[in-house]
Amino acid sequence: MKPLELDVFLCRTDNFGVLVHDPETGFTAAIDAPEEAPILEAATRRGWKISHIFNTHHHTDHVAANLALKEQFGCEIIGPINEAIAIPGLDRTMADGDSFLFGDHAVKVIETPGHTAGHICYHFVDDKLLFAADTLFALGCGRLFERPAADMWHSLQKLAVLPDETAVYFGHEYTLSNARFALTVDPDNERLKSRAAEIEGLRAEGKFTIPTTLGLEKETNPFLRAADPAIRRNLIMEGKTNEEVFAEIRRRKDHF
């Protein structure tokens, strides 16, 4: 089985567009559809025809180009069952634990409520790829618009058990701001300090910070580290639950 090919590019202001191409079948999936023109440019540049859209949640900046791409390519749109009514052009719904094949590549659906009520992530199991959209960012997580902090903490734990080498593709280029915030709650983390410096350099050169890996996130992302004693001491929350510590970190980031 030939490896998948990926193309990553910016849409809108800070959304990442991602095309996933299977060279054996010719299938090409857009991970969400933030904006028509950049997606078409990438597909044309690579000579790929978009066969699928894998929507993660209903927000406009992730579904805005659904209908335009469907009209042009006749692509199949897959998305979360719990947000089906809000996703334009949806053909097939997915629930937590569902799986399907993209060519010969197994894809498992992980429901991660928090940012929205029915947000899903796509895990390409054998390829060790996770498309986490607005659930898990490099050094961050999504804002809590439709579900409480405890739900998002649980969702993040579902992702954290995947193999450390899993490459994580996320929905937005927020990493520099996330790194600066992370240092305020985990200032003595040497790996985080090193990573923050690397990110400063990358962004100064206009380079993307995508992808990350789950192993790296578990070492440096405070939103996955609510149980860490140093973070708890810094927040003066030694006796609190993981959910409470996570909620406080999210609250602070909202006002950072």
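Note that the structure is a prediction, hence the values are computed from the model and not measured. Note that residues are indexed from 1 along each chain, following the sequence as it is written. Only residues with pLDDT of 70 or above have their local features reported here, since the model is predicted, and side-chain atom pairs are shown and tallied only from 80 upward, although totals for entire chains, interfaces and linings are computed over all residues. Excluding hydrogens and water, the side-chain values take into account all heavy atoms of the structure.

Q: Account for the pairing of strand E5 (residues 76–80), with residues named and values stated.
A: When a residue's accessible area, from a 1.4 Å probe over protein chains only, is under 20% of the maximum for its type it is buried; when over 50% it is exposed; and in between it is partly exposed. The helix count covers DSSP runs of H or I at least four residues long, the strand count covers runs of E at least two residues long, and both are numbered beginning at the N terminus. Of all five residues making up E5, four are buried, and the element is well covered by its neighbours. Sheet topology note: the strand E4 (residues 52–54)/E5 ladder contains three bridges and is parallel. Opposite His52, over in E5, you have Glu76 as the bridge partner. The pairing criterion for strands is at least two bridges between them, as found by DSSP. By the bridge criterion, three bridges tie E5 to strand E6 (residues 92–94) in an arrangement that is parallel. In the strand pairing of E6, Gly79 is matched with Thr93.

Q: Describe the side chain of Ser51, listing the residues and the values that go with them.
A: One can find Ser51 in the loop between helix H1 (36–46) and E4. Pairing of N or O atoms within 3.5 Å defines a polar contact, subject to two protein rules: one partner must be a possible hydrogen donor and the other a possible acceptor, and residues neighboring in sequence count only if both atoms are side-chain atoms. Within the structure, the side chain of Ser51 is placed 2.7 Å from the side chain of His52, a separation counted as a polar contact. Between two residues, a contact is recorded if the distance between any of their heavy atoms is within 4.5 Å. Not counting the four nearest positions on each side in its chain, Ser51 is found in contact with Phe27, Thr28, Cys75 and Glu76.

Q: Describe the sheet that holds strand E1 (residues 5–11), and please don't skip the residues or the numbers.
A: The six strands lie next to each other as E1-E2-E3-E4-E5-E6, forming an open sheet whose pairing is mixed. Of all strands in the sheet, those bounded by a partner on one side alone are E1 and E6. Strand-to-strand twist across the sheet, computed as the mean angle between neighbouring axes with direction ignored, equals 20°. Packed onto the sheet, H1 meets E1 and strand E2 (15–21) and runs at close to 145° relative to E1. Axis angles are defined between N-to-C directions and span 0 to 180 degrees, where every axis is a line fitted to C-alpha atoms and, for a helix, only to the segment in contact.

Q: An account of the packing of helix H4 (residues 149–160) against helix H9 (residues 242–254) is requested, with residue identities and associated values reported.
A: Running from N to C, H4 and H9 cross one another at 105°; their axes reach a closest spacing of 9 Å. With respect to H9, the axis of H4 lies roughly perpendicular. Residues Ala149, Ala150, Met152, Trp153 and Leu156 of H4 form the contact with H9, whose own contacting residues are Asn242, Glu243, Phe246 and Ala247. For the contact of H4 with H9, the per-class residue count stands at seven nonpolar, one polar and one charged. Comment on the angle field: the value is read as roughly parallel under 35 degrees, roughly antiparallel over 145, roughly perpendicular from 65 to 115, and oblique elsewhere. Gly counts as polar in this scheme, as do all residues outside two lists: the nonpolar Ala, Val, Leu, Ile, Met, Phe, Trp, Tyr, Cys and Pro, and the charged Asp, Glu, Lys and Arg.

Q: Could you give an account of the packing of helix H5 (residues 175–185) against H9, naming the residues involved and the relevant values?
A: Relative to each other, H5 and H9 sit at 130°, their axes nearing to 11 Å. On the basis of the axis angle, H5 is oblique to H9. The hand of the H5/H9 crossing is right-handed. Contacts between H5 and H9 involve Ser177, Asn178, Phe181 and Val185 from the former and Ile249, Arg252 and Lys253 from the latter. Of the residues contributing to the contact of H5 with H9, the split by class is three nonpolar, two polar and two charged. It is the rotation of the near helix from the far one that decides the hand of a crossing: anticlockwise by less than a right angle makes it left-handed, clockwise makes it right-handed.

Q: For the packing of aromatic side chains, give the residues involved together with the corresponding values.
A: Aromatic contacts are taken between Phe, Tyr and Trp rings whose centres are within 6.5 Å, Trp giving its six-membered ring; a plane angle under 30 degrees counts as stacked, one over 60 as edge-to-face, and the others as tilted. Tallied over the entire structure, the rule returns 16 aromatic pairs. Relative to Phe100, the ring of Phe54 has its centre 5.4 Å away and its plane inclined at 80°; by these criteria the two rings are edge-to-face. With Phe54 in strand E4 and Phe100 in strand E7 (residues 99–102), this pair connects stretches of sequence that are 46 residues apart. Residue classification places Phe54 among the buried positions, given a relative accessible area of 0%. With a relative accessible area of 8%, Phe100 lands in the buried category. Residues Phe54 and Phe102 carry aromatic rings whose centres are separated by 5.7 Å and whose planes lie at 75° to one another, so their mutual orientation is edge-to-face. Taken together, the residues span a long stretch of sequence, with Phe54 in strand E4 and Phe102 in strand E7 at a distance of 48 residues. An identical accessibility class is assigned to Phe54 and Phe102; each is buried. Each residue in the set Phe27, Phe54, Phe100, Phe102, Tyr122, Phe124, Phe131 and Tyr169 is aromatic and connected to the rest through ring pairs, giving one cluster. Above the face of the Phe100 ring, Arg92 is positioned so that its terminal group lies 5.4 Å from the ring centre. Each ring is checked for a lysine NZ or an arginine CZ that lies within 6 Å of its centre and within 35 degrees of its normal; such an atom marks a charge sitting over the ring.

What is shown is where atoms sit, not what they do.
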